[in-house]
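# Report on the structure
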Amino acid sequence: MEKLLEIMRQLRDAQGGCPWDREQDFRSIAPYTIEEAYEVVDAIEREDFAALRDELGDLLFQVVFHARMASEQGKFEFADVVEGISAKMQRRHPHVFAGETVSTADQQSLAWAAHKARERVRPGGAAPGLLDDVPPGLPALARAVKLGRLAAGAGFDWPDVAGVLDKLREELAELDDAMRTGPAGRIEAELGDLLFAAANLGRHLRIDPEAALRGSNRRFERRFSYIEDRLRAAGRDMRSVPPDELEAFWTEAKAREP
């Protein structure tokens with residue numbers, strides 16, 4: 001860590017540092033931080049551990065970059081980041097560090113949320129809301145799952161998967177009605193409700209909807225590329241191919257996959 005921190009100091013040095021690194025600020029670097037986190041996830045899903053090692057390094061460098069900029073402004077040091085997360089992990093795991101008992105992962109998730117709620121303080125000292133700590137900047141599907149999970153911890157949830165499926169069908173029917181009768185604003189709202197219900201179905205099935213959608217994206221890309229290659233080999237343009245023939249190619253592409 002000392003070596004990496006020194007590299008970051010040199011990169012930001014006003015005299016001999018890198019011009020690009022010196023020009024960056026918190027906002028300009030934030031998109032790279034998000035990108036690196038997703039690249040970590042991608043390496044995990046591909047089970048590419050050599051890539052995972054590299055991507056974790058890239059993500060760690062983002063932490064060091066932000067900490068260095070904060071240090072330059074006198075806000076905090078990298079050591080403060082380490083101390084803060086260390087104290088937080090000990091505080092939020094009393095069953096490990098303070099003799100309390102938690103027997104299941106679900107119980108720990110609820111206890112974690114309760115610890116976080118006690119740490120939050122609203123302006124004026126008002127009691128914090130259960131959903132206050134869900135970051136608005138999360139990807140929408142991931143945020144929907146987290147909102148649903150926290151609400152479920154308070155007892156606001158469907159009793160089983162069947163209830164979520166019923167809700168999904170209800171939202172689909174409402175979207176269909178909005179498409180026939182409603183203004184554009186209502187159509188957008190009903191589509192959002194349908195996606196929110198789908199995210200919560202994933203939660204009940206213990207499937208990460210973000211991961212599921214990434215898988216669907218990859219399958220679509222593979223199948224679409226297969227169709228492109230077939231048509232290109234035949235000297236044809238996709239835009240001139242009838243829909244029923246494209247559907248046949250799509251079925252063929254699906255059949256090729258395990």
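A quick note: this is a predicted structure, and the numbers were derived from the prediction, not measured.

## Overview of the nonpolar core
Considering soluble globular proteins, one finds that nonpolar side chains tend to be buried as a cluster. Counting seven residues, the largest nonpolar core is built from Met8, Ile29, Val64, Phe65, Ala67, Met69 and Phe78. In terms of residues, this core owes the most to one element, helix H4 (residues 49–72), which gives four residues.

## Thoughts on the environment of proline 139
Tracing the backbone through its elements, the reader meets proline 139 in the loop between helix H7 (105–119) and helix H8 (140–153). For the pair proline 139 and glutamine 15, spaced 124 residues apart in the sequence, the C-alpha separation amounts to 39 Å. Excluding anything up to four places from it in sequence, proline 139 contacts Tyr38 and Glu210.

## Comments concerning the confidence of the model for the chain
Confidence in the prediction of the chain, expressed as mean pLDDT, is 91, and 93% of residues score 70 or more. Confidence scores differ between elements of the chain, with H7 showing the lowest mean pLDDT of 70 and H4 the highest of 98.

## Observations concerning helix H9 (residues 161–181)
Here H9 is 21 residues long and its end C-alpha atoms lie 30 Å apart, about the 30 Å a rise of 1.5 Å per residue gives. Residues of H9 that are buried include every one of Gly163, Val164, Leu168, Glu171, Leu175 and Ala178, and no others. When H9 is viewed along its axis, its buried side chains cluster within an angular range of 140° and face the same direction. Structural note: H9 exposes Arg169, Arg180 and Thr181 on the side pointing more than 90 degrees away from its buried face. For H9, the N-terminal cap is aspartate 160; the gap from its side-chain oxygen to the backbone nitrogen of alanine 162 is 3.2 Å.

Cut-off values and rules
- Residues numbered from 1 in each chain as written.
- Predicted model: local features only at pLDDT ≥ 70, side-chain atom pairs only at ≥ 80, totals over all residues.
- Heavy atoms only, no water.
- Core = buried A, V, L, I, M, F, W, Y, C linked by side-chain atoms within 4.5 Å.
- Buried < 20%, exposed > 50% of the residue type's maximum accessible area, 1.4 Å probe, protein only.
- Helix = DSSP H or I, 4+ residues; strand = E, 2+ residues; numbered from the N terminus.
- Contact = heavy atoms within 4.5 Å.
- pLDDT = per-residue confidence, 0-100.
- Expected span 1.5 Å × (residues − 1).
- Arc of directions from axis to C-beta.
- Polar contact = N/O pair within 3.5 Å; in protein donor to acceptor, adjacent residues only side chain to side chain.

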